[in-house]
Every structure is written in C-alpha cells, then in structure tokens.
Amino acid sequence: MRIGMGYDVHRLVENRKLVIGGVEIPHELGLLGHSDADVLLHAIMDALLGAAALGDIGKHFPDTDPKYEGISSIRLLEHVGKLLEENGYLIENIDATIIAQRPKMRPHIGQMEENIANALNIDKSQINIKATTEEGLGFTGNEEGISSQAICLLTTIYESSVAVAGSGGCAGCSRNQEQGD
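Report on the accompanying structure.

So, on to the sheet that holds strand 6 (residues 127-132). Ordered in space as 4-1-7-5-6, the five strands form an open sheet in which the pairing is mixed. Only two strands of the sheet have a single neighbouring strand rather than two, namely strand 4 (30-31) and strand 6. For strand 1 (residues 2-13) and strand 4, the ladder comprises two bridges, and the chain directions are antiparallel. When the sheet's bridge partners are listed, Val13 is paired in strand 4 with Gly30. Across the face of the sheet, helix 1 (residues 39-51) comes into contact with strand 1, strand 4, strand 5 (89-99), strand 6 and strand 7 (145-156) while running at roughly 155 degrees to strand 1.

Below, the discussion takes up helix 3 (residues 73-86). For an α-helix, the turn length of 3.6 residues means that residues three or four places apart are oriented alike. Helix length check: helix 3 (14 residues) gives 20 Å between terminal C-alpha atoms against 20 Å at 1.5 Å per residue, within 8%. Taken together, the buried positions of helix 3 are occupied by Ser73, Ile74, Leu76, Leu77, Val80, Gly81, Leu83 and Leu84. Relative to the axis of helix 3, the buried residues are bounded by an arc of 165 degrees and lie together on one face. Exposed side of helix 3, more than 90 degrees from the buried face: Lys82, Glu85 and Glu86 are the residues found there. Of the surrounding elements, those touching the buried residues of helix 3 are helix 1, helix 2 (57-60), strand 5, helix 4 (109-120) and strand 7. Among the residues trailing helix 3, Gly88 stands out with phi positive, at a value near 80 degrees.

Turning next to the packing of helix 1 against helix 4. One way to put it is that helix 1 packs onto helix 4 with a least axis distance of 12 Å and a crossing angle of 40 degrees. Judged by the inter-axis angle, helix 1 sits oblique to helix 4. In the crossing of helix 1 with helix 4, the sense of the turn from one axis to the other is right-handed. Mapping the contact onto sequence places Leu40, Leu41, Ile44 and Leu48 in helix 1 and Met112, Ile116 and Leu120 in helix 4. Residue classes in the contact of helix 1 with helix 4 are distributed as seven nonpolar, no polar and no charged.

Core analysis: the biggest nonpolar cluster contains 49 residues, and Ile20, Ile44, Leu48, Met112, Ile116, Ile129 and Ile146 have the highest contact counts within it. At the level of elements, helix 1, helix 3, strand 5, helix 4, strand 6 and strand 7 are the ones that each hand at least two residues to this core. Setting aside its immediate chain neighbours within four residues, Ile129 contacts Leu40, Ile44, Ala96, Ile98, Arg106, Ile109, Met112, Glu113 and Ile116.

This part takes up the side chain of His108. Position of His108 among the secondary structure elements: in the loop between strand 5 and helix 4. Residue contacts for His108: discarding those within four places in its chain leaves Val23, Ile25 and Pro26.

This next bit is on the packing of helix 1 against helix 3. Between helix 1 and helix 3, the least distance of the axes is 10 Å, while the angle of their chain directions is 10 degrees. Put simply, helix 1 runs roughly parallel to helix 3. Side by side, helix 1 and helix 3 meet where Leu41, His42, Ile44, Met45, Leu48 and Leu49 of the first sit next to Ser73, Ile74, Leu76, Leu77, Val80, Leu83 and Leu84 of the second.

So, about the pairing of strand 1. In terms of strand pairing, strand 1 meets strand 7 through 10 bridges, oriented antiparallel. Counterpart to Arg2 in the pairing with strand 7 is Leu154.

Taking 1.5 Å per residue, 13 residues should reach 18 Å; helix 1 reaches 18 Å between its end C-alpha atoms and fits that length. Most of helix 1 sits out of view: 12 of its 13 residues are buried. All of the buried residues in helix 1 are Val39, Leu40, Leu41, His42, Ala43, Ile44, Met45, Asp46, Ala47, Leu48, Leu49 and Ala51. The positive-phi residue at the C-terminal boundary of helix 1 is Ala53, with phi of around 55 degrees.

The next point concerns the side chain of His27. Tracing the sequence through the fold places His27 in the loop between strand 3 (23-24) and strand 4. Aside from chain neighbours lying at most four places away, what touches His27 is Leu18, Arg102 and Pro103.

Criteria and cut-off values
Residues numbered from 1 in each chain as written. Predicted model: local features only at pLDDT ≥ 70, side-chain atom pairs only at ≥ 80, totals over all residues. Heavy atoms only, no water. Pairing = 2+ DSSP bridges. Helix = DSSP H or I, 4+ residues; strand = E, 2+ residues; numbered from the N terminus. Contact = heavy atoms within 4.5 Å. Axes fitted to C-alpha atoms, helices over the stretch in contact; angles between N-to-C directions. Expected span 1.5 Å × (residues − 1). Buried < 20%, exposed > 50% of the residue type's maximum accessible area, 1.4 Å probe, protein only. Arc of directions from axis to C-beta. Parallel < 35°, antiparallel > 145°, perpendicular 65-115°, else oblique. Left-handed = near helix turned anticlockwise from the far one by under 90°. Nonpolar A, V, L, I, M, F, W, Y, C, P; charged D, E, K, R; others polar. Core = buried A, V, L, I, M, F, W, Y, C linked by side-chain atoms within 4.5 Å.

What follows is the structure in structure tokens.
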C-alpha cells in the first residue's frame, strides 16, 4: 500500500470561471491559473502522483507549456489515471477537502465525485469530497483564494483489495508463512 498527500491553492480573481472538481460553479470570482485552476483536482493529482512516486503535476504538466494553457483539469486527471495504470497501481480511495469561505460547495459535491470517478475509471464510492470554511480567517476566510487538500491510498495490481480479501486479509501473509518468516 502507498499513501499520497496533495495540496493546492489558487487566488480568486475577476473574469475567470470557478471550476472545482470539474464543475463550473456560479460565482463572481474564479481561480487564477495556467489551466482551469481546479484546486481540488490539482490536489488529488498530486496525491496520486506522490503515492506512486511519479513526481507532481508541475513535472507532468508544466505551467510554462502553452499546450496546457486553459486546459480542463479533468483531462489532466485522466492522464494521471493512465500513468497509474501503466505503472501497476490501483486506487483504493481518495479523500479530499475544499477550503473556501464562499461559495457553498455542498450542492456540487455529488457531481464532483462523479466527475472524478469517471475520469479515473473507479467507483464513486471510492471518493469522498468534503468542504469547509475557515470561519473568516486567513486568505481563504478573507475570500482571497481557495485551497484543497487530498489524500489517497494506492495498491499495486498484486495487492489490491480483492487479493487481500482472498488471502484472509493479509496479501503478504501466506508468502511470508511459506518462507518461514
């Protein structure tokens, strides 16, 4: 098993769409960034890439590359999913938090989870998205920006939850017992 953690933050500005979790959310401000600046998906991608020891989103999608300007972060997340698959990793779960004073995220979270599940070809039940405010404190509380944190658990093809369940709950136990460990 491998655990990854991701964090992202973007400044709120005028004349930009607010896209979080692949959902365009009605709001007078949007997030500033080279891509669509989707803080939630950026944090999730960094968590997934980190767990697989594949670097970070800056390595794979540099903000100096014009081909990523304005790109949907859903497309980038799909690419990260393919990288994980190519390297033999399975996503067990993703847990993430959006930190924003406004707008309220609750009405959009179901669609965010569905977008993420579809992009990664996993079940929606493997994803949990939460949102919180900072009670008016700090840059998010002052509505200067929005941040997100994510954590994930990956397994390799050889130690997926199916393999663990089939071996009595410990993927490596039978191998260790056979070797006399």
